[in-house]
Amino acid sequence: MNQQAIDDFWRAYQATLPADAPARNATYAAESFGDNPGLADELAALTLAGAKTATCSALWEWEAANDPLPHVGLHTIVLDAQGAPRCIIETTEVFIRAYDQVDAQFAWEEGEGDRSLAYWRDAHRRFFTRTLPRVGRTFAPDMPLVCERFRLVYRSLTPDSPAPA
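Let us look at the structure shown here. (Residues numbered from 1 in each chain as written. Predicted model: local features only at pLDDT ≥ 70, side-chain atom pairs only at ≥ 80, totals over all residues. Heavy atoms only, no water.)

1. Focus: the side chain of Arg149
Phase 1 of the analysis: For Arg149, the location among the structural elements is in strand β5 (residues 144-158).
Phase 2 of the analysis: Residue Arg149 is classed as buried on the basis of its relative accessible area of 18%.
Phase 3 of the analysis: Side-chain polar atoms of Arg149 contact the side chain of Glu109, separated by 2.4 Å.
Phase 4 of the analysis: Setting aside residues up to four positions removed in sequence, Arg149 forms contacts with Thr53, Ala54, Glu90, Thr91, Thr92, Glu93, Phe95, Gln105, Phe106 and Glu109. (Helix = DSSP H or I, 4+ residues; strand = E, 2+ residues; numbered from the N terminus. Buried < 20%, exposed > 50% of the residue type's maximum accessible area, 1.4 Å probe, protein only. Polar contact = N/O pair within 3.5 Å; in protein donor to acceptor, adjacent residues only side chain to side chain. Contact = heavy atoms within 4.5 Å.)

As structure tokens, then:
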């Protein structure tokens, strides 16, 4: 991750905003989606394409890291597999829902695969089976998820050329 490139990307976004925009005083997170380089690039591309407008994570991971949960208004710089900033999203909704209670609408908004609930359940079961042992947990159908909806607010057409969303 190149912190200078990330800071420059954030400043370029802020330069597109009106002087009184709340985001001018906001802080941001910078992270990639997924748990491996291929998934990071795939999910960044889906976000850039507008197909991915939601994401989820295991509540247990947030608790294990003792991190605050995301909140409405949070700005996140989405990074690709190389740690380069690709776009900025703003969280518009956050809620906790059990894995087995996620509905077809949310699965569609995650934008992955064929966007069906069946695909979402299979892909996320495999993802959580892979990642939860890192925090001493195992996948469970009733496990709590932190579900987020977001909107794309700034994008990079290529990693070197930012443009407003």
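2. Looking at the layout of surface pockets
Remark: the empty space left among the atoms is shown by a probe the size of a water molecule rolled over them.
Phase 1 of the analysis: Empty space within the largest pocket amounts to approximately 1000 Å³.
Phase 2 of the analysis: Taken together, 40 residues make up the lining of the largest pocket; nearest its centre are Ser32, Phe33, Gly34, Cys56 and Ser57.
Phase 3 of the analysis: Only β1 (28-31), α2 (37-49), β2 (54-58), α3 (59-65), β3 (75-79), β4 (85-98), α5 (117-131) and β5 provide two or more residues apiece to the lining of the largest pocket.
Phase 4 of the analysis: Ranked by the residues each element gives to the lining of the largest pocket, the list is headed by α5, at 8 residues.
Phase 5 of the analysis: Partitioning the lining of the largest pocket into residue classes produces 18 nonpolar, 10 polar and 12 charged. (1 Å grid on protein atoms, 1.4 Å probe; cavity = no way out; pocket = protein on both sides within 12 Å on 5 of 7 lines; lining within 4 Å. Points joined across faces, edges and corners; volume = space filled by probe spheres on them. Nonpolar A, V, L, I, M, F, W, Y, C, P; charged D, E, K, R; others polar.)

3. Regarding the packing of aromatic side chains
Phase 1 of the analysis: Applying the stated criterion across every chain yields a total of 9 aromatic pairs.
Phase 2 of the analysis: Seen from their ring centres, Trp10 and Tyr28 are 4.7 Å apart, and the 35 degrees between their planes marks the pair as tilted. Placement of Trp10 in helix α1 (residues 3-15) and of Tyr28 in strand β1 is noted, with a sequence separation of 18 residues between them.
Phase 3 of the analysis: For the ring pair Tyr99 and Phe139, a centre distance of 4.8 Å and an interplane angle of 90 degrees mean the geometry is edge-to-face. Of this pair, Tyr99 sits in the loop between β4 and α4 (104-110) while Phe139 sits in the loop between α5 and β5; the two residues are 40 residues apart in sequence, bridging distant segments of the chain.
Phase 4 of the analysis: Given the relative accessible area of 6%, Tyr99 is considered buried.
Phase 5 of the analysis: Clustering of aromatic rings is evident, with ring pairs tying together Phe9, Trp10, Tyr13, Tyr28 and Tyr154.
Phase 6 of the analysis: Lying across the ring of Phe33, Lys52 places its NZ or CZ 5.2 Å from the centre.
Phase 7 of the analysis: Across from the ring centre of Trp108, 3.9 Å away, lies the NZ or CZ of Arg115, which sits over that ring. (Phe/Tyr/Trp six-rings, centres within 6.5 Å; stacked < 30°, edge-to-face > 60°. Lys NZ or Arg CZ within 6 Å of the ring centre and 35° of its normal.)

4. What to know about the side chain of His124
Phase 1 of the analysis: Structurally, His124 can be placed in helix α5.
Phase 2 of the analysis: For His124, a relative accessible area of 6% gives the class buried.
Phase 3 of the analysis: Those residues in contact with His124, other than ones at most four positions away along the chain, are Cys56, Tyr99, Glu110 and Glu112.

5. A short note on the pattern of salt bridges
One side chain can pair with another of opposite charge once the charged atoms of both are near each other.
Phase 1 of the analysis: This model, assessed by the stated rule, comprises 11 salt bridges.
Phase 2 of the analysis: Across the pair Glu110 and Lys52 runs a salt bridge whose closest N-O atoms are separated by 3.1 Å. Residue Glu110 is located in helix α4, and its partner Lys52 is located in the loop between α2 and β2; the two are separated by 58 residues in the primary sequence. As far as burial versus exposure is concerned, Glu110 and Lys52 are alike and both buried.
Phase 3 of the analysis: Taking the shortest distance from any N to any O, the salt bridge between Lys52 and Glu112 comes out at 3.3 Å. A residue pair is termed long-range when its members are at least 10 positions apart, and Lys52 in the loop between α2 and β2 and Glu112 in the loop between α4 and α5 qualify at 60 residues.
Phase 4 of the analysis: Residue class for Glu112 comes out buried when judged on its relative accessible area of 11%. (Salt bridge = Lys/Arg side-chain N within 4 Å of Asp/Glu carboxyl O.)

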